[in-house]
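Reading the structure
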Amino acid sequence: MSATSAAPSQAKRRFAPLFLAGPATLLFIGLVLLPLALTVILSFNSYNYDTGIENTFTLHNYTQVLQDDYYLSIFWRTLRLALITTVIAVVIGVPEAYILSNMRSPWRSIFLLVIIGPLLVSVVVRTFGWSMILGRNGFINGALTTVGLEPLQLLYTEAAIVIGLVHIMLPFMVIPVWTVLQKLDPTVEAAALTLGASRFTALRRIVFPQAMLGILSGSLIVFALSASSFAIPGLLGGRRLKMAATVVYDEFMIELNWPLGAAIAIIVLVANLIIMIAYNRMIEGQAKRKLG
């Protein structure tokens, strides 16, 4: 092959990754980065209830949110419920993923379908189902009334929001952990049991450290989705127990104060990123130390 014909082929190979990644990169820029940049710009605009959005630079939206106890309490509730949801999802999802990884066919496929199946149903439909179960005349209060107990106020409480979030987010915890456990060599755990280690010790010293990266991925997904959830707090929390996403919706669609709503969205995004990055580094550091 001559040097003149080899040069174009080398150029094609050099630019092939760019051509392959180009469409996805443009899509990411158009659907994620550009709207995010416009939201940031919008958050620095002022708003007048008589004239609407004014194209003047101001920090009033951020100072108003960060100095108002009403918004700070909503941020605290959002992060607290997202954290509680993540912890419960870890406690339930990790053992579930471990049991699933030790199942044999066809039971593994059946139970995997049971875990993934709810994702095919709309979040609104599943959340509305929980509102009927937790309602004043729902299944739980009906069972309490049958045995002679007083009905409880379950709907429109933080507990109802957590129940709905755990139910919706649990598959996002089980699948990453199960994927990691599938790559582990089962003979290592069997060797530990053969050498006299208890089942709990084998899980704590061998299985759990190697599953940390799956737990990290699942918990980050659950926390991010829980903190930004809109339908679940709206249906199970009502108008009284607001979370960050419902407040942003109110500012955009009811108050029509788009700059303030954009500022709230950016503050929640930054807070989530800080928490997730710190958690990511902490868990990865622990995994590296345990796995050498």
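Figured I'd write up the structure that's included with this text. Since the structure is predicted, the reported quantities are computational estimates derived from the model, not experimental observations.

Considerations on the environment of F208
Mapping F208 onto the fold places it in helix α9 (residues 199-210). For F208, a relative accessible area of 37% translates into the label partly exposed. For the pair F208 and P17, spaced 191 residues apart in sequence, the C-alpha to C-alpha distance is 37 Å. With sequence-adjacent residues up to four places away left out, F208 is seen in contact with L203 and I215.

Some points on the packing of α9 against helix α10 (residues 212-227)
In contact at an axis separation of 4 Å, α9 and α10 are set at 50 degrees when each is read in the N-to-C sense. Considered as vectors, α9 and α10 are oriented oblique to each other. Residue-level inspection shows F208, P209 and Q210 of α9 in contact with α10, the latter providing M212, L213 and I215. Among the residues forming the contact of α9 with α10, the class breakdown is 5 nonpolar, 1 polar and no charged.

Observations concerning helix α12 (residues 244-254)
Among the residues making up α12, those that are buried are A244, A245, T246, V247, V248, D250 and E251. Phi for L256, located one or two positions after α12, is positive at around 60 degrees.

A look at the pattern of salt bridges
Throughout the structure, instances matching the rule amount to 3 salt bridges. Two residues, E158 and R77, come together in a salt bridge whose shortest N-O distance is 3.5 Å. Of the two residues, E158 sits in helix α7 (residues 158-182) while R77 sits in helix α3 (residues 69-101), which places them 81 residues apart along the sequence. For E158, a relative accessible area of 25% corresponds to the partly exposed category.

Quick look at the pairing of strand β2 (residues 52-57)
When strand β1 (residues 45-48) meets β2, the two strands line up antiparallel, connected through 4 bridges. Within β2, the residue paired with Y47 across the bridge is I53. The antiparallel hairpin formed by β1 and β2 contains 3 residues in its connecting segment.

Parameters and conventions
Residues numbered from 1 in each chain as written. Predicted model: local features only at pLDDT ≥ 70, side-chain atom pairs only at ≥ 80, totals over all residues. Heavy atoms only, no water. Helix = DSSP H or I, 4+ residues; strand = E, 2+ residues; numbered from the N terminus. Buried < 20%, exposed > 50% of the residue type's maximum accessible area, 1.4 Å probe, protein only. Contact = heavy atoms within 4.5 Å. Axes fitted to C-alpha atoms, helices over the stretch in contact; angles between N-to-C directions. Parallel < 35°, antiparallel > 145°, perpendicular 65-115°, else oblique. Nonpolar A, V, L, I, M, F, W, Y, C, P; charged D, E, K, R; others polar. Salt bridge = Lys/Arg side-chain N within 4 Å of Asp/Glu carboxyl O. Pairing = 2+ DSSP bridges.

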